[in-house]
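Per-entry structural report
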Amino acid sequence: RLKGSPVSKLTDDILADIISRVPYKSTCCCQCVSTRWRDLISHREHQKKMPQSIAGFFHEGSNAFRSPRNARYFTNLSRQRYPLVDPSLSFLPDCERLDILDGCNGLLLCHCWMAVDPMAFYYYVVCNPTTGKWVAVPATDGSSMVSVARLVFDPAVSSHFQVFEFIDEQSRGIAEDELDADCCGRIEALAIYSSKTGAWKYQTVEHGPFVIPENSVSAFFNGILHLPAYECVVAVDVEGANWWLVDVPEPPYYADCIGGVFPSQGHLYFAESDRSKLSVWVLEDYVTGKWTLKHNVSHLHLFGREYSSFADYYSVISIHPEHGLIFIVSGEEKTLMSYDMDSGELCILRQLGWECRPPYVPYVRLFSESLGDEN
């Protein structure tokens, strides 16, 4: 029906520029107009122009009184009743257990465990839940003991991806009595898998010492992977050649309190809480470690008197990529909320349930059919 219309005479660049100016939901609808529009929107040369929005969150829950004991969920941020994507990831090969570790720009990084021996690690899988495309990544000798693995992917640059394994002392098999008591679990080495070469490469970490918590909220921004550690943010480029240890703007008020890093509106944000407030900072300079305070809100103003108990235990799980909207999980029932830094409005989205646990992986839908050596 578009053939012969004025729209059909528009060049790809002009059409991409027009589509990039409509809201995210309208962009998703444009995917269904024609194959030309679909390919245009998913092409990596136009990816940076297109509006990005978090479709929802993947998360898991465990309940000893249910079969199966472990379940995987996808929670929409829209008001649609059913999940936008199937949380079972049924298109993947059968395995005894599948754990979602990380997500990056529309792809997920998962652990697969062998059906013969549930305790034996099998391989990684990188997949696109929107298209059903997936790639198996061979495990390293120490993959079953690695507690921090992250995915790096930028569809605007390439269809290829990297998997990062941060290897600590225990993963390397060092005996507990030989570990440094002051830096137990410190990162000693890094393994990087490239889908382009199909191989892992290893290198020692000369910076530090630093310790990265298992469920730290990381971010891939401007070609650099950022991970919050205790009292600093660790930054490393995709080749593992350049490292930065950036001091956090305010040291945590207790040992296990760490913040999260989030890319949003062309900047890198760091969110952390103390006993009385939530603070959001913007990184200005890697070398000097300069942070600028973006937003500060007291727990009383954030949650109000009605939800004041949420201040005792909550975590920031994401910041919207194009708006000043913070997503928070709090309370015994793991209530998912959004807080608008501009208007100061708190919105209760839904209860995830007491059985749910981190990580809460934000998901941005990726319509591109291309994935390095995909199945």
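Residues numbered from 1 in each chain as written. Predicted model: local features only at pLDDT ≥ 70, side-chain atom pairs only at ≥ 80, totals over all residues. Heavy atoms only, no water.

1. Focus: the confidence of the model for the protein chain
Across the protein chain, the average pLDDT comes to 81, with 78% of residues at 70 or higher. Mean pLDDT per element in the protein chain: helix H4 (residues 44–47) is the minimum at 58, and strand S21 (residues 335–340) is the maximum at 95. Across residues 174–184, where pLDDT falls below 50, the model places 12 contacts with residues more than four positions away in sequence or in other chains. (pLDDT = per-residue confidence, 0-100. Helix = DSSP H or I, 4+ residues; strand = E, 2+ residues; numbered from the N terminus. Contact = heavy atoms within 4.5 Å.)

2. Digging into the pattern of salt bridges
A full pass over the atoms with the stated rule returns five salt bridges. Glu188 is the salt-bridge partner of Arg186, the closest N and O atoms lying 3.3 Å from each other. Put simply, Glu239 and Lys201 hold a salt bridge, and the shortest N to O gap is 3.2 Å. One end of the pair, Glu239, is in the loop between strand S13 (232–237) and strand S14 (243–247); the other, Lys201, is in strand S10 (residues 199–204), with 38 residues separating them in the sequence. (Salt bridge = Lys/Arg side-chain N within 4 Å of Asp/Glu carboxyl O.)

3. Observations regarding the state of the cysteines
Applying the stated criterion across every chain yields a total of zero disulfides. Here Cys110 stays unpaired: no disulfide links it, and the sulfur of Cys127, its closest cysteine neighbor, is 4.4 Å away. On the accessibility criterion, Cys110 (0% relative accessible area) is buried. Cys112 carries a free sulfur, and the closest cysteine sulfur to it, the one in Cys95, is 3.7 Å from it. The buried category is assigned to Cys112, whose relative accessible area is 0%. (Disulfide = S-S within 2.5 Å. Buried < 20%, exposed > 50% of the residue type's maximum accessible area, 1.4 Å probe, protein only.)

4. Topic: the sheet that holds strand S19 (residues 314–319)
Read from one edge of the open sheet, four strands run S19-S20-S21-S22, paired in antiparallel fashion. Every other strand in the sheet has two partners, leaving S19 and strand S22 (346–351) as the edge strands with one partner each. Going from strand to strand, the sheet's axes swing by 25° on average, the running direction of each strand aside. Bridging between S19 and strand S20 (residues 325–330) involves five bridges; their strand directions are antiparallel. Residue pairing for S20: Val316 is matched across the bridge by Ile328. (Pairing = 2+ DSSP bridges. Axes fitted to C-alpha atoms, helices over the stretch in contact; angles between N-to-C directions.)

5. Side note on the environment of Cys95
Assignment of secondary structure puts Cys95 in the loop between strand S2 (70–76) and strand S3 (97–104). It is 5.9 Å that separates the C-alpha atoms of Cys95 and Trp113, two residues lying 18 residues apart in sequence. The contact partners of Cys95, leaving out residues within four places of it in the chain, are Cys112 and Trp113.

6. Here's the deal with unusual backbone geometry
Following Pro358, the chain continues to Pro359 via a peptide bond in cis, the omega torsion being 5°. Position of Pro359 relative to the elements: it lies in strand S23 (residues 356–363). Of note, Asn222 is a non-glycine position whose phi angle comes to about 55°, a positive value.

7. Some thoughts on the sheet that holds strand S16 (residues 267–273)
Ordered in space as S15-S16-S17-S18, the four strands form an open sheet in which the pairing is antiparallel. Strands with a single pairing partner mark the edges of an open sheet, and in this sheet they are strand S15 (260–264) and strand S18 (290–298). Across the sheet, the axes of successive neighbouring strands diverge by a mean angle of 25°, strand direction being ignored. Across five bridges, S15 lies against S16 in antiparallel orientation. Bridging across to S16, Phe262 finds its partner in Tyr269.

8. Remarks on the side chain of Lys277
Here Lys277 is to be found in strand S17 (residues 277–285). A polar atom in the side chain of Lys277 sits 2.5 Å from the side chain of Asp274. If we skip the residues at most four places from it in the chain, Lys277 touches Glu250, Glu272, Asn296, Val297, Ser298, His299 and Tyr314. (Polar contact = N/O pair within 3.5 Å; in protein donor to acceptor, adjacent residues only side chain to side chain.)

9. Side note on the pairing of strand S12 (residues 224–229)
Where burial is concerned, most of S12 is hidden: six out of the six residues are buried. Residues Ile224, His226 and Pro228 of S12 are buried on one face, and the alternating residues Leu225, Leu227 and Ala229, pointing to the opposite face, are buried as well. Alignment of strand S11 (residues 219–221) against S12, held across three bridges, turns out to be antiparallel. Bridging from a neighbouring strand, Ala219 pairs with His226 of S12. Where S11 folds back on S12, the antiparallel hairpin that results is connected by two residues, among which Asn222 adopts a positive phi of roughly 55°. Of the pairings in the sheet, the one linking S12 to S13 comprises six bridges and is antiparallel in character. Paired with Leu227 across the two strands is Val234, which belongs to S13. Hairpin connection of S12 to S13: two residues between the antiparallel strands, including Glu231 at a positive phi of 70°.

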